[in-house]
Amino acid sequence: MIGRLNHVAIVVPDLAAASAVYRDTLGATVSAPVDLPAHGVTTVFVELPNTKIELLHPLGADSPIAKFLANNASGGIHHVCYEVDDILAARDRLKEQGMRVLGDGEPKIGAHDKPVLFLHPKDFMGTLVELEQA
Ligand code: CO
């Protein structure tokens, strides 16, 4: 059911410093920061030949990643994102198997203007999983 790894998201305490590490130290192609107020994050995308790294920093007072950063002051891996062909079919199949979909279970438009859902980390070996309709 799942396809390509779309991205790995890393929450970082300093977007400019993290961008510099990926651009200057690791030699990757790094985007400018993009504010996503609807998601409470600012993102920087690192383009790799086979996938992306999404650097995330809290935006606004009630950012969903503020607590994560408070608990992981130097940053850390926040989620992995897998592509699916049909997000509603994927959701229904997962729910039938007892997996928990976060929020109200309806896909939201994610950082790449495509529908996304998040799955409960306790059902996936302690990893927050994002599904994106490719
Ligand atoms: Co993501």
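Residues numbered from 1 in each chain as written. Predicted model: local features only at pLDDT ≥ 70, side-chain atom pairs only at ≥ 80, totals over all residues. Heavy atoms only, no water.

### Examining the pairing of strand E8 (residues 115-119)
Okay, step 1: Where strand E7 (residues 108-109) meets E8, 2 bridges bridge the pair, whose relative direction is antiparallel. Counterpart to isoleucine 109 in the pairing with E8 is proline 115.
Okay, step 2: Taken together, the 4 bridges between E8 and strand E9 (residues 128-133) define a ladder with antiparallel strand orientation. Looking at E9, one finds that valine 116 is bridged to glutamate 132. (Pairing = 2+ DSSP bridges. Helix = DSSP H or I, 4+ residues; strand = E, 2+ residues; numbered from the N terminus.)

### Description of the coordination of the cobalt ion
Okay, step 1: Protein-derived coordination of the cobalt ion comes from His7 (NE2), Glu54 (OE), His79 (NE2) and Glu130 (OE), at a distance range of 2.0 to 2.7 Å.
Okay, step 2: Coordination at the cobalt ion comes from 4 donor atoms whose angles at the metal span 90 to 176°, giving a geometry best classed as irregular.
Okay, step 3: Mapping the donors of the cobalt ion onto the primary sequence gives the spacing H-x46-E-x24-H-x50-E. Residue glutamate 54 is located in strand E5 (residues 52-58), and its partner glutamate 130 is located in strand E9; the two are separated by 76 residues in the primary sequence. Residues glutamate 54 and glutamate 130 agree in their burial class; the two are buried. (Donors = N, O, S within 2.8 Å, 3.2 Å for Na, K, Ca; no water. Tetrahedral: all angles 85-135°; square planar, octahedral: opposite > 155°, others 65-115°. Buried < 20%, exposed > 50% of the residue type's maximum accessible area, 1.4 Å probe, protein only.)

### As for the nonpolar core
Okay, step 1: Tyr22, Val46, Ile53, Leu55, Leu119 and Leu131 are the most contacted members of the largest nonpolar core, which has 23 residues in total.
Okay, step 2: Listed by contribution, the elements that provide at least two residues to this core are strand E1 (5-11), helix H1 (15-25), strand E4 (41-47), E5, strand E6 (76-84), helix H3 (87-96), E8 and E9.
Okay, step 3: Among all residues touching tyrosine 22, those that are not within four sequence positions of it are Ile10, Gly27, Ala28, Val30, Val46, Ile53 and Leu55.
Okay, step 4: Residues Ala9, Leu36, Val41 and Leu56 belong to the second largest nonpolar core, which totals 7 residues. (Core = buried A, V, L, I, M, F, W, Y, C linked by side-chain atoms within 4.5 Å. Contact = heavy atoms within 4.5 Å.)

### Concerning the environment of leucine 55
Okay, step 1: Here leucine 55 is to be found in strand E5.
Okay, step 2: Owing to a relative accessible area of 0%, leucine 55 belongs among the buried residues under this scheme.
Okay, step 3: Sequence-wise, leucine 55 and histidine 7 are 48 residues apart; in three dimensions their C-alpha atoms are separated by 10.0 Å.
Okay, step 4: Among residues more than four places away in sequence, those in contact with leucine 55 are Ile10, Val12, Leu15, Ala18, Ser19, Tyr22, Thr42, Thr43, Val44 and Val46.

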